[in-house]
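For reference, the chains in residue letters:
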Amino acid sequence: MSAERYTLAVIVASTREGRFAPVITEWFTRHISAAHPHLTVDVIDLGAVRPYELRHGSAEFIAYAKRVEQADAFAVITPEYNHSFPAPLKHAIDLLRAEWQAKPVGFVSYGGISGGLRAVEQLRLVFAELHATTVRETVSFALTGGPFDDQGQLRDPEPPARAADALLNQLAWWARALREARTARPYGN
């Protein structure tokens, strides 16, 4: 499915001032553009969406829900804070239900010695409860000051590029399979 078009929503989870998320997001979206040009990418930056301010029925809430609903797959870019993921991400996820169902979710994580993988493991539980399918492959950056230089460029871009390709290929397979399944028979619980 590598050449089949689908919409990938890239969710930027960190909302902290001085966050490292824009560096990771820039690298990831640039990689997608170069290596997977068939993807339509929608970057949903929770720093701009401000999930705690969304109210059901408001124009902002409806716009956010529509973006999630229109995505065929998700890549969540998350840091690890205190062995978990950011609270605004949990709130943004919990605002919706059906929009997440029967869609694949992948993770690009960063932070500390674990590279954010403890946050990812907890997110897998959250998305399972929403009937979303998380993929095994991840992209993980431990101690982000090591892999990235002062200009936000990777010192050794090949290993993360291979990991990103593996993640994107899994998301593509699941996006196609689940889109076909949802088209043939709408998902419901």
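Use the structure listed above.
Residues numbered from 1 in each chain as written. Predicted model: local features only at pLDDT ≥ 70, side-chain atom pairs only at ≥ 80, totals over all residues. Heavy atoms only, no water.

> Just to check I follow, could you spell out the overall build of the chain for this structure?
Counting secondary structure elements, the chain contains 6 helices and 5 strands. Put simply, the chain runs from its N terminus to its C terminus through helices and strands in the order β-α-β-α-α-β-α-β-α-β-α. In summary, the chain has a C-alpha radius of gyration of 16 Å against a globular reference of 16 Å for 189 residues, a match within 12%. Taken along its principal axes, the extent of the C-alpha atoms in the chain is 45 × 40 × 25 Å. For the chain, the residues scored as buried account for 47% of the 189 residues in total. For the chain, the proportion of contacts with a sequence separation of at least 24, taken over those separated by at least 6, is 82%. When the accessible surface of the chain is totalled, it reaches about 9300 Å², and 52% of it is carbon and sulfur. (Helix = DSSP H or I, 4+ residues; strand = E, 2+ residues; numbered from the N terminus. Rg over C-alpha atoms; globule rule 2.2 N^0.38 Å. Buried < 20%, exposed > 50% of the residue type's maximum accessible area, 1.4 Å probe, protein only. Contact = heavy atoms within 4.5 Å. Areas by Shrake-Rupley, 256 points an atom, 1.4 Å probe, with all protein chains shown as cover.)

> Before we go on, may I ask you to explain the sheet that holds strand β1 (residues 6–12) in this structure?
Strand pairing within a sheet occurs via backbone hydrogen bonds; the two strands may be parallel or antiparallel. Across the sheet, which stays open at both edges, the 5 strands sit in the order β2-β1-β3-β4-β5 with parallel pairing between neighbours. At either margin of the open sheet sits one strand with a lone partner, and together these are β2 (39–45) and β5 (133–141). Put simply, the sheet's adjacent strands are angled 20 degrees from each other on average, direction ignored. Two elements, β1 and β2, share 7 bridges in a ladder whose sense is parallel. Following the sheet pairing, V10 is matched in β2 by V43. Sitting on the sheet, helix α3 (residues 59–70) is in contact with β1, β2 and β3 (73–79), with an inclination near 145 degrees to β2. (Pairing = 2+ DSSP bridges. Axes fitted to C-alpha atoms, helices over the stretch in contact; angles between N-to-C directions.)

> Can you help me understand the environment of G188 in this one?
Its location among the elements puts G188 in the segment after α6 (158–184). A C-alpha to C-alpha distance of 28 Å links G188 and F85, two positions 103 residues apart in sequence.

> Where do I start with the nonpolar core in this structure?
Burial of nonpolar side chains together is a common tendency in soluble globular proteins. Grouped together as the largest cluster of nonpolar side chains are 30 residues, with contacts concentrated most on Y64, L89, W100 and F127. Sorting the residues of this core by element identifies β1, α2 (46–49), α3, β3, α4 (87–94), β4 (104–110) and α5 (117–129) as the ones contributing at least two each. Looking at which element gives the most residues to this core, the answer is α5, with 5 residues. With residues up to four places along the chain from it excluded, the contact list for L89 reads I11, A13, L46, V76, T78 and L123. Core analysis: the next-biggest nonpolar cluster, separate from the first, contains 26 residues, Y6, F28, I32 and F141 among them. (Core = buried A, V, L, I, M, F, W, Y, C linked by side-chain atoms within 4.5 Å.)

> Is there a simple way to explain the side chain of D72 in this structure?
Positionally, D72 belongs in the loop between α3 and β3. Separated by 3.2 Å, the side chains of D72 and R179 make a polar contact. Those residues within four positions of D72 in sequence are excluded, and the remaining contacts are Y6, T7, K103, P104, A175, R179 and R182. (Polar contact = N/O pair within 3.5 Å; in protein donor to acceptor, adjacent residues only side chain to side chain.)

> How do you make sense of the side chain of H36 when you look at a structure like this?
Structurally, H36 is set in the loop between α1 (21–35) and β2. Within the structure, the side chain of H36 is placed 2.8 Å from the side chain of D165, a separation counted as a polar contact. Apart from the residues within four sequence positions on either side, H36 is in contact with H31, D165, L168 and N169.

> I tried to follow the packing of α4 against α5 on my own but got confused; where do I start?
Two packed helices can be described by the angle between their axes and the distance between those axes. For the pair α4 and α5, interaxial distance at closest approach is 11 Å and the crossing angle is 10 degrees. In this view, α4 runs roughly parallel relative to α5, as classed from their interaxial angle. For α4 against α5, the interelement crossing comes out right-handed. Across the interface between the two elements, L89, K90 and I93 from α4 touch L123, V126 and F127 from α5. The residue makeup of the contact of α4 with α5, split by class, is 5 nonpolar, no polar and 1 charged. (Parallel < 35°, antiparallel > 145°, perpendicular 65-115°, else oblique. Left-handed = near helix turned anticlockwise from the far one by under 90°. Nonpolar A, V, L, I, M, F, W, Y, C, P; charged D, E, K, R; others polar.)

> Where do I start with the pairing of β4 in this structure?
Remark: a regular strand shows side chains that alternate across the two faces of the sheet. Taking burial as the measure, the 7 residues of β4 include 7 buried ones, the bulk of the element. As defined by bridge partners, β3 adjoins β4 across 6 bridges and the pair is classed as parallel. Of the residues in β4, the one forming a bridge with I77 is V108. As paired strands, β4 and β5 are joined by 6 bridges and run parallel to one another. Counterpart to F107 in the pairing with β5 is T138. Taken together, β4, α5 and β5 constitute a β-α-β crossover, and its handedness is right-handed. (Right-handed = clockwise from strand over helix to strand, strands pointing away.)

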